[in-house]
Amino acid sequence: MAEVVIVENKDAAGALVADEMVRLIESKPDPVLGLATGSTPTPVYQALRERLAGRDVSHVRGFALDEYVGLDPAHPESYRSVITREVVEPLGLDPALIQVPNGAEETIERAGDDYEQAILGAGGVDLQLLGIGTTGHIGFNEPGSSFASTTRVKTLTEQTRRDNARFFASLDEVPRHCITQGLGTILRARHLVLLAFGEGKAQAVAGAVEGPLSSMLPASAIQLHPHVTVVVDEAAASRLELADYYRYTFANKPAWQGI
Ligand code: PGA
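We now turn to the structure provided with this report. No experiment lies behind these values; they were computed from the predicted model shown.

**A few points about the overall build of the protein**
Scanning the protein from N- to C-terminus turns up 8 helices and 10 strands. Compactness check: the protein gives a C-alpha radius of gyration of 17 Å against a globular reference of 18 Å for 259 residues, within 12% of the reference. Dimensions of the protein along its principal axes, counting C-alpha atoms only, are 55 × 40 × 35 Å. Out of the 259 residues belonging to the protein, those deemed buried represent 55%. Put simply, 78% of the contacts in the protein that link residues at least 6 apart link residues at least 24 apart.

**Some details on the site of the ligand**
Lining the immediate surroundings of the ligand are Gly38, Ser39, Thr40, Gly131, Ile132, Gly133, His137, Arg166 and Lys201. Residue Lys201 places a side-chain N or O atom 2.6 Å away from an oxygen atom belonging to the ligand. Starting from 280 Å² of accessible surface for the ligand in isolation, the protein chains cover 83%. When its residues are assigned to classes, the shell around the ligand shows 1 nonpolar, 6 polar and 2 charged.

**Points about the sheet that holds strand β6 (residues 127–130)**
The strand order β1-β10-β9-β6-β2-β3-β5 describes an open sheet built from 7 strands, whose pairing is parallel. A strand with exactly one partner marks an edge of an open sheet, and here the two such strands are β1 (3–7) and β5 (98–99). In the sheet, strand β9 (residues 191–196) pairs with strand β10 (residues 228–233) via 5 bridges, with the strands oriented parallel. Looking at β10, one finds that Leu194 is bridged to Val230. With respect to the sheet, helix α1 (residues 10–27) is in contact with β1, β2 (32–35), β6, β9 and β10, its orientation differing from that of β6 by roughly 160°.

**Focus: the packing of helix α2 (residues 42–52) against helix α3 (residues 79–91)**
One way to put it is that α2 packs onto α3 with a least axis distance of 10 Å and a crossing angle of 10°. Classified by the interaxial angle, the pair formed by α2 and α3 is roughly parallel. Along its contact with α2, which presents Tyr45, Leu48 and Arg49, the element α3 presents Glu86, Val87, Pro90 and Leu91. Of the residues contributing to the contact of α2 with α3, the split by class is 5 nonpolar, no polar and 2 charged.

**Some details on the environment of Thr160**
Take Thr160: it is sitting in helix α5 (residues 158–164). In the structure, Thr160 is positioned 26 residues away from Thr134 in sequence and 7.8 Å away in space, judged by C-alpha atoms. Non-local contacts of Thr160, meaning those with residues more than four positions away in its chain, are made with Thr135, His137, Phe140 and Glu142. Engagement of the side chain of Thr160 in a polar contact is seen with the side chain of His137, the distance being 3.5 Å. There is a polar contact of 2.6 Å between the side chain of Thr160 and the side chain of Glu142.

Procedures and definitions
- Residues numbered from 1 in each chain as written.
- Predicted model: local features only at pLDDT ≥ 70, side-chain atom pairs only at ≥ 80, totals over all residues.
- Heavy atoms only, no water.
- Helix = DSSP H or I, 4+ residues; strand = E, 2+ residues; numbered from the N terminus.
- Rg over C-alpha atoms; globule rule 2.2 N^0.38 Å.
- Buried < 20%, exposed > 50% of the residue type's maximum accessible area, 1.4 Å probe, protein only.
- Contact = heavy atoms within 4.5 Å.
- Near = heavy atom within 4 Å.
- Polar contact = N/O pair within 3.5 Å; in protein donor to acceptor, adjacent residues only side chain to side chain.
- Areas by Shrake-Rupley, 256 points an atom, 1.4 Å probe, with all protein chains shown as cover.
- Nonpolar A, V, L, I, M, F, W, Y, C, P; charged D, E, K, R; others polar.
- Pairing = 2+ DSSP bridges.
- Axes fitted to C-alpha atoms, helices over the stretch in contact; angles between N-to-C directions.
- Parallel < 35°, antiparallel > 145°, perpendicular 65-115°, else oblique.

And the structure:
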């Protein structure tokens, strides 16, 4: 089952996950990070920035989960721009080693396969950060997504467009299509770390961790993975039936195990 860690606040979540990422970066000559956008992973990047200051990160490679289709990569809300601004620049990563799916309409037909090949070519993702949408999506795999899916174009739900409208001048500006790693792609990463904060995510988190496997709740796919860490605050954990058991388990975990 997924290891569920209930933390006091976002900073504690950021510290826990950043420590694990540093361990990975220090232990491998060619670590591959799976990067997520949205508000959720921000505390992880913040904590990582403090920990990586002054260290050599020239060997770190990364793959973003998703991108909007048809949005100019130079647009401040393209995920290429967001990853550059919030991850690559602050952490001092080599931009040439950080890939984002290509959302250009002219090449979109083969962009999914190209991205899959790039991930395979890098030896796969070591640690994949994940947020969870209120629809239960991970990446932009909206309800109905196949558990076997690979990187492809998806149509965003109206709920997701509304959730993301806060980043754009108006709802109309939010693209209708995206290109996203599939659930099958995500499941190939060696360690999944899903983060969620706030009451608004509680239902999706409970469904993902304890509900039935269902493409109607794409994040439930994490139950198929042998190494998953779910890091949530009390509000996001509020609908978990086994919350006390998760607390007990984590409190009694041998320190050497890490997450
Ligand atoms: P958020 O988005 O981090 O901005 O809440 C999560 C997601 O949609 O995956």
